[in-house]
Every structure is written in structure tokens, then in C-alpha cells.
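Summary of the model geometry
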Amino acid sequence: MKIAVLISGRGTNLQSLIDAAAAEELGAEIALVVSNVPDAPGLERAAKAGIPTETIDHRDFEGREPFEEALHSALSGRSIELVCLAGFMRLLTGGFVGKWRDRLINIHPSILPAFKGLHTHERAIEAGVRFSGCTVHFVTPEMDDGPIIAQAAVPVLQGDTPGDLAARILAEEHKLYPLAVRLIAEGRAKVAGNKVEISGTAEAPSPVVNPAG
Ligand code: GRF
């Protein structure tokens, strides 16, 4: 399966996908990395791995549709089958999302549907939740919405700063995104209505309690 990764910034999730592909654990080939930010550090990561890159700067376009047309033709031009948003900081219109329906996924640093949007870690700490985490989901026109493929939970600890929590979650993101891509590439994750059906999983994970006692 040919995948594209869309980034806007540092690209650590991109790196986790690059590493998984190099270890032959992704079940997919990263055929293109697109950034809407010309100097995104993630572009360097892709170049180092020998992956073709394109910068499509949204500021060069009059409005979202022309930007998305350029994006769509870059993706179609490389026969991309799955698009992975990885810290891609542009909202996509319903038109674009519709064209890539069930072939467009995103990673978000919370256990959706809790804490959609920005500043998730501050808000999780503020809310006093005992767990937060990350979600990989198919993209629908609503922000941080859509059928959930995989989630990881981490404890929120006493005295955590947003940075502490972000780092704990990011380490899980780096395992979760390659897993989710592999499930799709292997045909084991299928959208069924507003949910995703996963086939052939190992035994169910154990429940976790925080505080531990
Ligand atoms: C990650 O926390 C991801 O969940 C969110 O944006 C951040 C991107 O980080 N959507 P990176 O660019 O992959 O390092």
C-alpha cells in the first residue's frame, strides 16, 4: 500500500512511520511526504530516508479549495492509497475529505471524543482526568472526529505539567500510528458505519486503574 504523510512541523510521528517501514513493520510504503510549511523539520527527516517530498504552501493559494486541489493532484499523481495526517495543521474541507473517504487518517493526542482541538494536555490536566492518551481515527469533515481505529491510554500523574503529559503521550503515539497503518494495510481495519471493525487481534488488553492503590 502506498501512503502519504502530511505534516506541518517537527515530524516525530512521521519518523515513527519511517522507522517502522525501514523495519518492515508498516506493511506500507511511504511514497510521499507533503508539508504545507516550507521549513518544517519533518521534511528533512523524509529527505534523509530518501522519500520524495513536496511543499504545498497554503499561503500561495487563494482559499482552501485551490490549496486542496494542489494537494489532491500531488497525492493522485503518486497513486497514493492512504493519507496519514501527522501534525498537519490545516483543516480540510468536506470536499477534500469526501474524495479521500476511508483513506484519510489522523493522530490526535487525546482519547477522543474527549479533548478535541488544541491544548489537549492543559485541558486534560485542568479537568482532573486520571488517563489521557492518543487516538488514530479516520477523518470526517468534523475536526478530530470520525471512526476510531486505535487508542492508547497513559496515566495523568500528580504534578504533571502539560509538557510531561505530552511527552508521555508522544511516546505512545510513536507506537500507535505505525500499528494503525499496519492494520489498514493488512486489511484488518474496516470502517463499518461510524465505527471501525478490527479483525485478527491478539487477546484483549487488561484494564488499568490510576491511582494504583
Ligand atoms: C502530535 O502530538 C500529534 O498527535 C498532533 O500533532 C503532534 C505532531 O507532532 N496531531 P509531530 O510533528 O509528529 O512530532
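This text follows the structure it describes.
What counts, and at which threshold
- Residues numbered from 1 in each chain as written.
- Predicted model: local features only at pLDDT ≥ 70, side-chain atom pairs only at ≥ 80, totals over all residues.
- Heavy atoms only, no water.
- Salt bridge = Lys/Arg side-chain N within 4 Å of Asp/Glu carboxyl O.
- Buried < 20%, exposed > 50% of the residue type's maximum accessible area, 1.4 Å probe, protein only.
- Near = heavy atom within 4 Å.
- Polar contact = N/O pair within 3.5 Å; in protein donor to acceptor, adjacent residues only side chain to side chain.
- Areas by Shrake-Rupley, 256 points an atom, 1.4 Å probe, with all protein chains shown as cover.
- Helix = DSSP H or I, 4+ residues; strand = E, 2+ residues; numbered from the N terminus.
- Nonpolar A, V, L, I, M, F, W, Y, C, P; charged D, E, K, R; others polar.
- Arc of directions from axis to C-beta.
- Contact = heavy atoms within 4.5 Å.
- Pairing = 2+ DSSP bridges.
- Axes fitted to C-alpha atoms, helices over the stretch in contact; angles between N-to-C directions.

Let us look at the pattern of salt bridges. If you walk through the whole model with that rule in mind, you get six salt bridges. Taking the shortest distance from any N to any O, the salt bridge between Arg101 and Asp102 comes out at 4.0 Å. A salt bridge links Arg168 to Asp160; its shortest N-O distance comes to 2.7 Å. Classification of Arg168 by relative accessible area gives partly exposed; the value is 24%. Residue Asp160 is classed as buried on the basis of its relative accessible area of 11%.

With that out of the way, let us pick up the site of the ligand. As a structural note, the neighbourhood of the ligand is formed by Arg10, Gly11, Thr12, Asn13, Gly87, Ile107, His108, Pro109 and Glu173. In this structure, Gly11 approaches the ligand through a main-chain N or O atom, which is 2.9 Å from an oxygen atom. A total of 370 Å² of accessible area belongs to the ligand in isolation, and the protein chains cover 85% of it. Within the residue set of the shell around the ligand, elements represented by two or more residues are helix H1 (12-22) and strand S5 (104-108). Classifying every residue of the shell around the ligand by side-chain character gives two nonpolar, five polar and two charged.

Attention now goes to helix H5 (residues 120-127). Note that an α-helix has 3.6 residues per turn; residues three or four places apart therefore point the same way. For H5, the full list of buried residues reads Thr120, His121 and Ala124. Looking straight down H5, one finds that the buried residues subtend no more than 95° of arc, so they occupy a single side. Residues of H5 that are buried in the fold lie against S5, strand S6 (131-138) and helix H6 (162-185). Where H5 ends, the next residue or the one after it, Gly128, has phi of about 75°, a positive value.

Here we take up helix H2 (residues 41-48). When H2 is considered as a whole, its buried residues turn out to be Gly42, Leu43 and Ala46. The arc enclosing the buried residues of H2, seen along the axis, measures out at 105°, which places them on a common side. When the buried face of H2 is taken as reference, the exposed residues oriented beyond 90 degrees from it are Glu44 and Lys48. Here the buried face of H2 lies against strand S1 (2-7), H1, strand S2 (29-35) and strand S3 (53-55).

Below, the discussion takes up the sheet that holds S1. Strand order in the open sheet made by the seven strands is S3-S2-S1-S4-S5-S6-S7, with mixed pairing throughout. Edge positions in the sheet fall to S3 and strand S7 (148-155), since each has one partner strand and no second. Sheet twist, expressed as the mean angle between neighbouring strand axes with direction ignored, is 20°. In terms of strand pairing, S5 meets S6 through four bridges, oriented antiparallel. Across the sheet, residue Ile107 finds its bridge partner in S6, namely Val136. Sheet strands in contact with H6 are S1, strand S4 (82-85), S5, S6 and S7, and its direction is about 155° off that of S7.

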